[in-house]
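# Geometric and topological summary
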Amino acid sequence: MDGPDVPAAAVPRGSAPLVLRGREVGRDGRAVRPVVMAVLNRTTDSFYAPARLPDDAAALAAAERAYEDGAEILDVGGVRAGHGSPVDEAEEIRRVVPFVAAVRRAVPDLLVSVDTWRAGVARAAIDVGADLINDTWAGHDPALVEVAGAAGVGVVCSHTGGATPRSDPYRVEYPDLSDAQVTAVTHASDTSGGDGRDGLLADVVTTLRAAAERAVECGVPRGSVLVDPTHDFGKNTWHSLHLLRRTGVLAGLGFPLLMALSRKDFVGETLDLPPEERLEGTLGATAVAAWLGARVFRTHDVVATRRVLDLVAAVRDEAPPAVALRGLA
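Computed from a predicted structure; not experimentally measured.

## A short note on the overall build of the chain
Broken down by element type, the chain carries 11 helices and 12 strands. Taking 329 residues into account, the globule formula puts the C-alpha radius of gyration at 20 Å, and the chain, at 20 Å, falls close to it. Taken along its principal axes, the extent of the C-alpha atoms in the chain is 70 × 55 × 40 Å. Taking the intrachain contacts of the chain between residues at least 6 apart in sequence as the baseline, contacts between residues at least 24 apart amount to 69%. When the accessible area of the chain is evaluated, it comes to approximately 14,900 Å², of which 53% is carbon and sulfur surface. Seen as two clouds, the 34 positive and the 45 negative side-chain charges of the chain have centres 2 Å apart.

## Side note on unusual backbone geometry
One non-glycine residue, Asp-232, lies in positive phi territory at about 80°. Relative to the helices and strands, Asp-232 is located in the loop between strand 10 (225-228) and helix 7 (237-245). Here Arg-263, not a glycine, exhibits a phi torsion of approximately 55°, which is positive. You can see Arg-263 is positioned in the loop between strand 11 (258-260) and helix 9 (265-271). Relative accessible area serves as the criterion here: at 4%, Arg-263 is assigned to the buried category.

## Points about the side chain of Arg-166
Mapped onto the fold, Arg-166 is located in the loop between strand 9 (154-158) and helix 5 (179-186). No salt bridge is formed by the buried Arg-166; its nearest oppositely charged neighbour, Asp-45, is found at 4.2 Å. There is a polar contact of 3.0 Å between the side chain of Arg-166 and the backbone oxygen of Arg-80. Aside from chain neighbours lying at most four places away, what touches Arg-166 is Asp-45, Val-79, Arg-80, Ala-81, Gly-82, His-83, Gly-84, Ser-85, Pro-86, Val-87, Trp-117 and Trp-137.

## Remarks on the packing of helix 6 (residues 197-217) against helix 7
Taken N-terminus to C-terminus, the directions of helix 6 and helix 7 make an angle of 65°; their axes are 9 Å apart at the nearest point. When the axes of helix 6 and helix 7 are compared, the pair comes out roughly perpendicular. Viewed along their axes, helix 6 and helix 7 form a crossing whose handedness is right-handed. Only Trp-238, His-239, His-242, Leu-243 and Arg-245 of helix 7 make contact with helix 6, whose side of the interface consists of Arg-197, Asp-198, Leu-200, Leu-201 and Val-204.

## Some words on the pattern of salt bridges
A complete count under the given rule lists 18 salt bridges for this structure. Residue Asp-56 is joined to Arg-42 by a salt bridge in which the shortest nitrogen-to-oxygen separation is 2.4 Å. Pair noted here: Asp-56 is in helix 1 (residues 56-68) and Arg-42 is in the loop between strand 5 (35-41) and helix 1, with a separation of 14 residues, a long-range link. Through salt bridges with shared partners, one network takes in Arg-33, Glu-72, Arg-306 and Asp-310.

## Here's the deal with the environment of Thr-164
With respect to the helices and strands, the residue Thr-164 is situated in the loop between strand 9 and helix 5. Residue class for Thr-164 comes out partly exposed when judged on its relative accessible area of 41%. Between the alpha carbons of Thr-164 and Gly-139 there is a distance of 9.8 Å; along the sequence they are 25 residues apart. Setting aside residues up to four positions removed in sequence, Thr-164 forms contacts with Trp-137 and His-140.

## Quick look at the environment of Val-35
Within the fold, Val-35 resides in strand 5. Look past the residues within four positions of Val-35 in its chain and what remains in contact with it is Val-25, Gly-26, Glu-72, Ile-73, Arg-295, Val-296, Phe-297 and Leu-309.

## Some thoughts on the packing of aromatic side chains
Enumeration according to the criterion identifies 1 aromatic pair in this entry. Each ring, one from Trp-137 and one from Phe-233, has its centre 4.8 Å from the other, and the planes form 50°; the classification is tilted. One end of the pair, Trp-137, is in the loop between strand 8 (132-134) and helix 4 (143-151); the other, Phe-233, is in the loop between strand 10 and helix 7, with 96 residues separating them in the sequence. For the residue pair Trp-137 and Phe-233, the accessibility class agrees, reading buried in each case. Positioned above the aromatic ring of Phe-99 is the side chain of Arg-42, whose terminal nitrogen or guanidinium carbon lies 4.8 Å from the ring centre.

Calculation rules
Residues numbered from 1 in each chain as written. Predicted model: local features only at pLDDT ≥ 70, side-chain atom pairs only at ≥ 80, totals over all residues. Heavy atoms only, no water. Helix = DSSP H or I, 4+ residues; strand = E, 2+ residues; numbered from the N terminus. Rg over C-alpha atoms; globule rule 2.2 N^0.38 Å. Contact = heavy atoms within 4.5 Å. Areas by Shrake-Rupley, 256 points an atom, 1.4 Å probe, with all protein chains shown as cover. Lys, Arg positive; Asp, Glu negative; His and termini not counted. Charge placed at Lys NZ, Arg CZ, Asp CG, Glu CD. Buried < 20%, exposed > 50% of the residue type's maximum accessible area, 1.4 Å probe, protein only. Salt bridge = Lys/Arg side-chain N within 4 Å of Asp/Glu carboxyl O. Polar contact = N/O pair within 3.5 Å; in protein donor to acceptor, adjacent residues only side chain to side chain. Axes fitted to C-alpha atoms, helices over the stretch in contact; angles between N-to-C directions. Parallel < 35°, antiparallel > 145°, perpendicular 65-115°, else oblique. Left-handed = near helix turned anticlockwise from the far one by under 90°. Phe/Tyr/Trp six-rings, centres within 6.5 Å; stacked < 30°, edge-to-face > 60°. Lys NZ or Arg CZ within 6 Å of the ring centre and 35° of its normal.

This is how it looks when you write it as structure tokens:
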């Protein structure tokens, strides 16, 4: 005897698919899985020591391993995001561009992103084969998106609340908006309102929407424009947690949604843990964001992140289990 009809659980809508170099990243036939972007820093002072790979041979081996472990994109950075030793444009190019060329030769199927806010670095990286420019400082150099558009490569549009490159947030505040004001900006009715953090959400949505549309106007293909709320940049821990719980609104912007959550300070402060012990917290945040529709995940931990995302994709019914024999064989 059949039981009572039970409505199917609602699966949050996913963000737009990511298309780079004319192909949808993460799609395999009917299966669609979130995309893993592996972090590789050509620096000596990144906040997470295992990601520091200034040595060419070690860095190339790490790139090859990331691809074998399931990363579709490698994000190469030449300057620490936070405070550190000065790195001018020439030095950033020296650290990044020859390595991008080496990855392009050694692992041709691995898409390469370059984490930079400088148009000159972006141009040099594109010339040797970079597929994506990850502008984590929200258009500080307005020419950067023009460079990406002229080449037809992808670009990441970010939100920093006006913070400048290599600065840390200090007593950051966003306006406290009413539900009606937030709804008018975000087009989402399920706002929390009244605590100041949806003022942040409205600012993020407004900033990302404008930056993404400008990227399209500059020639970047719409499917190659990623939006990133940029947790921790120009935000405190309460802000970053709120953006995580509001992932669904960001997924509805009409562009592929990138989440850079890996071992960040908001994870560490939430759990009171140093970078070396933030994996479980990162994976918890990753699962939440993936369920709510985020498309691309920047991570220091490719294998663990790939497994979490594959599980979430199966729960969302977007990709099948790797094996399904229980009760059948």
